[in-house]
Amino acid sequence: MRIKITADSTCDLPDDIIDRYNIGIVPLYIIKDEIAYKDRLEIKAGDIFEYVESGAGMTRSNAVNVYEYQEYFTQWRKEYDAIIHISISNFFSACYQNARLAAEEDGNIYVVNSLNLSTGSGHVVLNAAIMAEAGMAPDQIVRELELLIPRIEVSFVIGTLKYLHKGGRCSGLAALGANLLKLNPCIEVIDGKMDVGKKYRGSFDKVIMQYVEDKLSSRDDIDNGRIFVTYPPTTSDELIADVVDKIKSIINFDEIICCQAGCVISNHCGPICVGLLFCRKPGAI
């Protein structure tokens, strides 16, 4: 049985993984000057940062509509017996609802709510692709993904609340307070929603080292199979190399995948951000 794994562009998987597993990507949109640009295809994160920092205004993200999902699914169903589509959390976007509506008349299209974003969703997509390649049936893959999703732990530290605030995801008072105190908040994804965790103070590079320590040290519940380190393209190679070294000093992961955040995630998190995205062991929820 030929199964096509597809995902919203917000999964932020690097191109080599997308190509290796022939994953279909459905691009969300970034609206700039009231013109819609397709994430990953027609606009880059650097374009967003340049536009915002110039003072020209803010960009915003838009979901994929039902008709567009129908077009993608129809195209892929010509070649594949079944489709498993992994969506960004329904609490962040209408994409999941729209994909469900687009798929409702075809029993061989399965839409999975990742309850996550960025490479938190990427974990789900990659696991689905590995299982499909191994020959598992689509309903079995979906069951395994539903067991995986609650075990995914996602967080990221941001150096400015400007983008979250302007995008309506952070109050002006909170942004002002964080800026005045020079705080770098840790944003966590819990049950499909964003919440604020620990607030760090100090230079961003030092904060990130402490953040890695806090998230990985003194724990026996972490699955050491894979961890994503995800960040905007403005992040220095030196910082990411230091993050990788720090991770290796704490846990011996089989894979440490470093990748850049796409436009939708960067649109909300801004140019100063690093996230760790990994899984807990089964039963450790």
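Residues numbered from 1 in each chain as written. Predicted model: local features only at pLDDT ≥ 70, side-chain atom pairs only at ≥ 80, totals over all residues. Heavy atoms only, no water.

Novice: How do you make sense of the sheet that holds strand S10 (residues 193-201) when you look at a structure like this?
Specialist: Through backbone hydrogen bonds, the strands of a sheet pair up, either in parallel or in antiparallel fashion. Within the open sheet, the 6 strands sit side by side as S10-S9-S8-S13-S11-S12. Their pairing is mixed. The sheet terminates laterally at S10 and strand S12 (255-260), the two strands that pair on one side only. Sheet twist, expressed as the mean angle between neighbouring strand axes with direction ignored, is 20 degrees. Helix H5 (residues 118-133) rests against strand S8 (152-158), strand S11 (222-231), S12 and strand S13 (273-280) of the sheet, and its axis sits at about 125 degrees to S11. (Pairing = 2+ DSSP bridges. Helix = DSSP H or I, 4+ residues; strand = E, 2+ residues; numbered from the N terminus. Axes fitted to C-alpha atoms, helices over the stretch in contact; angles between N-to-C directions. Contact = heavy atoms within 4.5 Å.)

Novice: Can you walk me through the environment of Tyr 67 in this structure?
Specialist: Structurally, Tyr 67 can be placed in helix H3 (residues 66-77). When its relative accessible area of 53% is taken as the criterion, Tyr 67 is described as exposed. Sequence-wise, Tyr 67 and Tyr 211 are 144 residues apart; in three dimensions their C-alpha atoms are separated by 42 Å. Within the structure, the side chain of Tyr 67 is placed 2.9 Å from the side chain of Glu 71, a separation counted as a polar contact. (Buried < 20%, exposed > 50% of the residue type's maximum accessible area, 1.4 Å probe, protein only. Polar contact = N/O pair within 3.5 Å; in protein donor to acceptor, adjacent residues only side chain to side chain.)

Novice: Any chance you could explain the packing of H3 against helix H4 (residues 95-103) here in plain terms?
Specialist: Two measures define how a pair of helices packs: the angle their axes make with one another and the distance between the axes. Packing of H3 against H4 leaves a shortest axis separation of 8 Å and a crossing angle of 55 degrees. On the basis of the axis angle, H3 is oblique to H4. The way H3 lies across H4 gives a crossing that is right-handed. Residue-level inspection shows Val 66, Tyr 69, Gln 70 and Phe 73 of H3 in contact with H4, the latter providing Cys 95, Asn 98, Ala 99, Leu 101, Ala 102 and Ala 103. (Parallel < 35°, antiparallel > 145°, perpendicular 65-115°, else oblique. Left-handed = near helix turned anticlockwise from the far one by under 90°.)

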